[in-house]
Amino acid sequence: MRIGIIGSGHIGGTLTRRLRTLGHDVLVANSRGPESLADLAVETGARAVAIGAVTQDRELVIVAIPLRSIPDLDPAIFANVPVLVDTSNYYPQQRDGLIAEIEAGEPESGWVERHLRHPVIKAFNSIHAEHLFGSGAAAGTPDRIALPVSGDDAATKATVIAVIDELGFDAVDTGTIARSWRQQPGTPAYGADLPKAGLREALDRASPERSAEWRAKPGSPAS
């Protein structure tokens, strides 16, 4: 598959490495430019390009950058992308500052969709990068880790679920982007590394109310 990845940090870098190992044609880009990705390109065989080129002729594009940086992306580059995956999480106290719409209850990936002007599939946001890299297992393995996947289009979601399976994980369809809050930070499913049955139970226990740990502190500057 022809895949583009925006972001070369923990999740973006891990997906670049794993997807190249599986033989996919990967373009990778970040905000610092292709020259900053020379080592990753040599290591993996992925091609480092500018952000404006990373979506060209791609069947699937993954956005793996800090949530606060989403508005810096030009929505025009996603116009012809068939499948767009959002891996981001809102970390108001740790990194992102206050994002008023999310604080008011808008699902994180709904906010991303509005800024990128493109439907997204929310995936890869609930697993630590080191587990994404090394904890995959063959289909049918007992207690194989399952990842939650949200999105509004069944066919697009199925494409992402197939990639997740290839990476060594089961997937649980968590419903629409409007319900993607069930896999956000602070919920029972986040970072839990559960098999399918356990993940479904964790998703059912999720609450849309953010705990104080996952809200911006009073007086935090807006992103």
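- As named in an unreviewed UniProt entry, the protein chain is NADP oxidoreductase, taken from Sphingomonas glacialis.

**Here we look at the nonpolar core**
Link 1 in the chain: With 30 residues, the main nonpolar core has Leu 15, Leu 19, Phe 124, Val 160 and Ile 164 as its most contacted residues.
Link 2 in the chain: Breaking this core down by element, the ones donating at least two residues are strand 1 (2-6), helix 1 (10-21), strand 2 (25-29), strand 4 (60-63), strand 5 (83-86), helix 6 (129-134), strand 7 (146-150) and helix 7 (154-167).
Link 3 in the chain: With four residues, the top contributor of residues to this core is helix 7.
Link 4 in the chain: Apart from residues no more than four positions distant in its own chain, Phe 124 is found in contact with Ile 11, Leu 15, Val 85, Thr 87, Leu 132, Leu 147, Ile 164 and Leu 167.

**Remarks on the pattern of salt bridges**
Link 1 in the chain: Per the stated rule, a full pass over the model turns up 16 salt bridges.
Link 2 in the chain: Note that Arg 2 is salt-bridged to Glu 59, the shortest N-O span being 3.6 Å. Of this pair, Arg 2 sits in strand 1 while Glu 59 sits in the loop between strand 3 (47-48) and strand 4, placing them 57 residues apart in sequence.
Link 3 in the chain: Exposure remark for Arg 2: the relative accessible area of 30% places this residue in the partly exposed category.
Link 4 in the chain: Linking Arg 205 and Glu 201 is a salt bridge whose minimum nitrogen-to-oxygen distance equals 2.6 Å.
Link 5 in the chain: For Glu 201, a relative accessible area of 41% translates into the label partly exposed.
Link 6 in the chain: Residues participating in the shared-partner salt-bridge network are Arg 2, Asp 57 and Glu 59.

**Some remarks on the side chain of Asn 30**
Link 1 in the chain: Position of Asn 30 among the secondary structure elements: in the loop between strand 2 and helix 2 (38-44).
Link 2 in the chain: Within the structure, Asn 30 has its side chain in polar contact with the backbone nitrogen of Gly 33 (distance 3.0 Å).
Link 3 in the chain: A polar atom in the side chain of Asn 30 sits 3.1 Å from the side chain of Ser 36.
Link 4 in the chain: Apart from residues lying up to four places away in sequence, Asn 30 is in contact with Ser 8, Ser 36, Leu 37 and Ile 51.

Rules behind the numbers
- Residues numbered from 1 in each chain as written.
- Predicted model: local features only at pLDDT ≥ 70, side-chain atom pairs only at ≥ 80, totals over all residues.
- Heavy atoms only, no water.
- Core = buried A, V, L, I, M, F, W, Y, C linked by side-chain atoms within 4.5 Å.
- Buried < 20%, exposed > 50% of the residue type's maximum accessible area, 1.4 Å probe, protein only.
- Helix = DSSP H or I, 4+ residues; strand = E, 2+ residues; numbered from the N terminus.
- Contact = heavy atoms within 4.5 Å.
- Salt bridge = Lys/Arg side-chain N within 4 Å of Asp/Glu carboxyl O.
- Polar contact = N/O pair within 3.5 Å; in protein donor to acceptor, adjacent residues only side chain to side chain.

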